[in-house]
Amino acid sequence: MSFSDRAPVRATACGKLILCGEHAVVYGRPAIALPVTTVRTTVKIEARGETPPRIEIQAPNIKSHFYADTDPGRPLSRIVCNTYEWCRRLNPAIPAQNIVVTVTSDMPVGSHLGTGAAASVASARAVAAWLEINLPVADASALAFEVEKIHHGTPSGIDNTVIAYEQPLWFIKDVVSELLEAPQQTEDLLSCLVVAAVGFSTTTKQMVDVVREGFRANRLRFNQYFDDIGFVSVRAREALLAANWPVIGQLMDENHQLLQELNVSCKELDALCIAARKSGALGAKLSGAGRGGNIIALARSSAHAAELRESLLSSGAMQVLIG
Ligand code: PMV
């Protein structure tokens with residue numbers, strides 16, 4: 001069957017949140033990331049009617065419409081073209097493609113739920129499916145990592161890995177990327193994790209730069225913060241595997257305080273954390289790069305998560321979801 005007669009294909013990727021260890025992970029300390037499967041990015045690929053052959057990309061959520069050949073530097077152009085090249089290495093007979101790639105997502109842009117990595121992973125999966133090439137998870141992650149460099153500059157690799165594998169992840173940059181075999185604990189934890197967005201964001205790249213400046217100005221102090229955050233991750237891993245939620249809550253509070261020291265929080269994130277604790281959360285912290293984006297708060301039960309959702313909305317959160 002020629003490509004022009006093919007039925008459209010679709011592929012998806014989940015969101016993610018960082019339970020602990022963000023920023024310190026860029027400096028080699030461990031972090032834990034969790035997949036968020038309640039939000040997804042979907043990529044559809046279909047044959048394009050017009051000639052000459054081109055790769056047309058539509059992303060209605062960000063009101064974007066462009067062509068990979070005229071906008072080759074854009075992350076979506078890069079992931080589609082890199083995956084196409086990757087597939088052509090396995091089957092050099094694959095011809096130039098005439099396709100429309102449409103990317104849609106439940107995740108608000110700039111929500112720090114891994115929008116960029118999810119778009120990359122879903123696009124890589126969709127291109128491979130369209131070309132009928134098997135794409136192993138590790139390769140989907142590696143293709144997305146290359147594009148993360150456009151988004152982040154010096155990404156640790158945590159986002160593309162947790163999103164590609166869709167499993168909780170213990171991660172040390174360039175050293176360990178270990179999937180945590182704790183499906184029940186993760187499901188229970190996520191059912192009590194309330195993710196509240198402040199409604200604005202700063203880019204990950206800008207926030208990584210803020211921390212880098214702090215680190216350059218005071219290496220000793222920042223190394224101590226990174227060590228302390230790394231130790232939070234070590235204890236959180238044990239607590240997650242033991243399903244010890246009160247300890248996870250305390251560690252989230254501790255992690256948030258250290259992120260404040262790194263100067264990546266802001267008054268809106270701090271206010272939501274305080275509101276969550278006042279409403280009985282076991283703990284709360286910003287999640288992701290900071291100065292916008294989300295906090296995560298750990299409810300005492302899934303019924304309490306629903307209550308916490310309401311109190312965070314009345315405390316100014318723009319959008320709240322339960323993991
Ligand atoms: O993109 P975000 O907001 O989920 O942040 C990623 C985590 C950082 O540690 C801040 C950066 C990185 O590359 O690990």
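Up top is the structure.
Treat the numbers as computed from the prediction; the structure is a model and nothing was measured.

1. Observations regarding the overall build of the protein
Here's step 1: Per the secondary structure count, the protein includes 10 helices and 11 strands.
Here's step 2: The C-alpha atoms of the protein give a radius of gyration of 20 Å, which matches the 20 Å a tight globule of 323 residues would have.
Here's step 3: In terms of overall dimensions, the protein has C-alpha extents of about 60 × 45 × 35 Å along its principal axes.
Here's step 4: Across the 323 residues in the protein, those meeting the buried criterion constitute 54%.
Here's step 5: A total accessible area of about 13,600 Å² is found for the protein, and carbon and sulfur atoms account for 52% of it.
Here's step 6: If the 30 positive side-chain charges of the protein are averaged to one point and the 32 negative ones to another, these points end up 4 Å apart.

2. Quick notes on helix 5 (residues 183–191)
Here's step 1: Those residues of helix 5 not exposed but buried are Gln185, Thr186, Leu189 and Leu190. What you see down the axis of helix 5 is that its buried residues fit within an arc of 125 degrees, all on one side. Turned more than 90 degrees from where helix 5 packs its buried face, Pro183 and Glu187 sit exposed.

3. What about the pairing of strand 7 (residues 176–179)?
The side chains of a regular strand alternate, residue by residue, between the two faces of the sheet.
Here's step 1: The pairing of strand 6 (residues 169–172) with strand 7 spans 4 bridges and is classified as antiparallel. Residue pairing across strands places phenylalanine 171 opposite serine 177, the latter belonging to strand 7.
Here's step 2: The loop that links strand 6 with its antiparallel partner strand 7 comprises 3 residues; one of these, aspartate 174, has a positive phi angle of about 60 degrees.

4. Here we look at the site of the ligand
Here's step 1: The environment of the ligand is formed by 15 residues, the closest being Lys16, His23, His112, Ser156 and Ala289.
Here's step 2: At 2.5 Å, a side-chain N or O of lysine 16 approaches an oxygen atom of the ligand.
Here's step 3: The protein chains hide 97% of the 370 Å² of surface that the ligand would expose on its own.
Here's step 4: Those elements that place two or more of their residues in the shell around the ligand are strand 1 (9–20) and helix 4 (158–165).

5. Considerations on helix 1 (residues 75–90)
Here's step 1: Taking 1.5 Å of rise per residue, 16 residues should cover 22 Å, and helix 1 covers 23 Å from first to last C-alpha, within 8% of that figure.
Here's step 2: Restricting attention to buried positions, one finds in helix 1 the residues Leu76, Ser77, Ile79, Val80, Thr83, Tyr84, Trp86 and Cys87.

Parameters at a glance
Residues numbered from 1 in each chain as written. Predicted model: local features only at pLDDT ≥ 70, side-chain atom pairs only at ≥ 80, totals over all residues. Heavy atoms only, no water. Helix = DSSP H or I, 4+ residues; strand = E, 2+ residues; numbered from the N terminus. Rg over C-alpha atoms; globule rule 2.2 N^0.38 Å. Buried < 20%, exposed > 50% of the residue type's maximum accessible area, 1.4 Å probe, protein only. Areas by Shrake-Rupley, 256 points an atom, 1.4 Å probe, with all protein chains shown as cover. Lys, Arg positive; Asp, Glu negative; His and termini not counted. Charge placed at Lys NZ, Arg CZ, Asp CG, Glu CD. Arc of directions from axis to C-beta. Pairing = 2+ DSSP bridges. Near = heavy atom within 4 Å. Polar contact = N/O pair within 3.5 Å; in protein donor to acceptor, adjacent residues only side chain to side chain. Expected span 1.5 Å × (residues − 1).

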